[in-house]
Structure formats: structure tokens, C-alpha cells
Amino acid sequence: MPVKIRLQRHGKKGKPFYWVVAADSRAKRDGRFLEKIGTYNPNTNPATIDLDVDGAVKWLQNGAQPTDTARAILSYKGALLKNHLAGGVKKGALTEEQAEAKFNAWLEDKTAKVAGKADGLAKAEADAKAKALEAEKAVNEARIAAAVPATDSEDAAVAETGADSEE
């Protein structure tokens, strides 16, 4: 039975949410599957991916072929790297401890990058809000300044018309 690791679409129209599943390649896209490996939510920034790395590695070692998008997700979460390191352990090029240390080092680096991106996005959003607030304050001050002299000039115009009528 040819097995694929692929995405199964869920969610509303315009708001996709995907399950990462191992399924028979002959089954429908949203049909029967063998095992749910994780979830993928592209609506958030950065995208939210929850993946059982060990389960994905098990399916990869049993011969499951990921689709292009699923391959990108597996690579992003490190399942392909862990599968590669497991192959090295099988061949005797690495010990289990060395492979685990390499994977953990890569995982820490990756989480630092993702956290940096999230912090950058939060900072950019805060800066944009601060700029919008400053622009709004400037517009309000200009509006107030424009309104104050208008009342002074109206008082002077009324005084002049009153003086003209007395003459």
C-alpha cells in the first residue's frame, strides 16, 4: 500500500486549517487516513505547526513519501533531519547520543530564529501603532489650532460690524 504524508484540509472557506496525515495515496484528499501526525495553521504569522516528529520519522522510515508542502513542513520542524540522523546511526557513522545532540542543537537554533521573527513582528506592530497615535495627535492639534484663531477672527469681525452699525 503506497503511503503519502500529506495535508488534509479543514476550516472555513477562506480560513484554511490543515491536518498533517499519513494516508493511502489512493484515498481522497480529505478522506480516510492511517494516522494524524500533526496540524498546520497558515492563518497566523508565523504559521503555527504542531507536529509529532517521532511519528513522522517512523512513517518516513517505513517508506511514506511526503508531498511537496508536507516535505517543507517536515523539514521546517526537523523530521527530515531526524530521519537523516537515524540513517547515520543505522550505518554506524554516528552514535545515538551524537545524533540526539545534533538534533537538539538544531532545534534550539530553529526555535531562537522563530522567536526572533515573532518578536520582530510584535515590535513592528507596536511601532506602527505608536506612529499612528502620533499622527492622530498631530491632526487633532492642527484641528484645535485651526479652530481657535477662527473664533478670535469671528469676534473681531463681529466687533467691526457692531462698530460700523453705531456710526
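Refer to the preceding data block for the structure.
Presented here is a report on the structure given in the accompanying data block. (Residues numbered from 1 in each chain as written. Predicted model: local features only at pLDDT ≥ 70, side-chain atom pairs only at ≥ 80, totals over all residues. Heavy atoms only, no water.)

**Digging into the packing of helix 1 (residues 53-61) against helix 3 (residues 79-91)**
This is how it is decided: Lines fitted to C-alpha atoms define the axes here, with helix axes fitted over just the stretch in contact, and angles between the N-to-C directions of these axes take values from 0 to 180 degrees. Secondary structure elements are defined from DSSP: runs of H or I of at least 4 residues count as helices, runs of E of at least 2 residues count as strands, and each element is numbered from the N terminus. For classification purposes, an angle smaller than 35 degrees is called roughly parallel, one larger than 145 roughly antiparallel, one from 65 to 115 roughly perpendicular, and anything else oblique. A crossing counts as left-handed when the near helix is turned anticlockwise from the far one by less than a right angle, and as right-handed when that turn is clockwise. Should any heavy atoms of two residues lie within 4.5 Å, those residues are considered in contact. Residues are grouped as follows: Ala, Val, Leu, Ile, Met, Phe, Trp, Tyr, Cys and Pro are nonpolar; Asp, Glu, Lys and Arg are charged; every other residue, Gly included, is polar.
Packing of helix 1 against helix 3 brings their axes to within 9 Å, and their N-to-C directions diverge by 55 degrees. Here helix 1 lies oblique to helix 3, going by the angle between them. Every pair of crossing elements has a handedness; the one defined by helix 1 and helix 3 is right-handed. Along the contact surface, helix 1 presents Val53, Asp54, Ala56, Val57, Leu60 and Gln61, while helix 3 presents Ala79, Leu80, Lys82, Asn83 and Ala86. Split by residue class, the contact of helix 1 with helix 3 holds seven nonpolar, two polar and two charged.

**Describing the pairing of strand 3 (residues 35-41)**
This is how it is decided: Categorising residues by exposure relies on relative accessible area from a 1.4 Å probe, with only protein chains included: less than 20% of the type maximum marks a residue as buried, more than 50% marks it as exposed, and the intermediate range marks it as partly exposed. Two strands pair if DSSP finds at least two bridges between them.
Most of strand 3 is tucked away: five of the seven residues are buried. Where strand 2 (residues 15-24) lies against strand 3, five bridges are found, and the strand directions are antiparallel. Within the sheet, the bridge partner assigned to Ala22 lies in strand 3 and is Glu35. With four bridges joining them, strand 3 and strand 4 (residues 48-51) adopt antiparallel strand pairing.

**Observations concerning the packing of aromatic side chains**
Filter applied, for reference: Planes of paired rings set the category: under 30 degrees apart is stacked, over 60 is edge-to-face and the rest tilted, where pairs are Phe, Tyr or Trp rings (Trp by its six-membered ring) whose centres lie within 6.5 Å. Here, a charge over a ring is recorded when the distance from Lys NZ or Arg CZ to the ring centre is within 6 Å and its angle to the ring normal is within 35 degrees.
Evaluated as defined, the whole model comprises three aromatic pairs. Seen in terms of ring centroids, Phe103 and Trp106 are 6.3 Å apart; in terms of plane orientation they differ by 25 degrees. Their pairing is stacked. Remark: Trp106 and Phe103 occur in helix 4 (residues 96-166); sequence separation between them is three residues, near one turn of the helix. For Phe103, a relative accessible area of 6% puts it in the buried group. We note Lys36 situated over the ring of Trp19; from NZ or CZ to the ring centre the distance is 4.1 Å.

**Some points on the sheet that holds strand 3**
Spatially, 4-3-2-1-5 is the arrangement adopted by the five strands of the open sheet, whose pairing is mixed. Looking at strand neighbours, the two that pair on one side only are strand 4 and strand 5 (65-66), the edges of this open sheet.

**Section: the environment of Ile37**
Locating Ile37 in the fold gives a position in strand 3. As a C-alpha pair, Ile37 and Trp19 span 18 residues in sequence and 7.5 Å in three-dimensional space. With residues near it in sequence (within four places) discarded, Ile37 still touches Ile5, Val20, Val21, Ala22, Asp50, Leu51, Asp52, Ala56 and Trp59.

**Focus on the side chain of Asp24**
By secondary structure assignment, the location of Asp24 is in strand 2. For Asp24, a relative accessible area of 16% puts it in the buried group.

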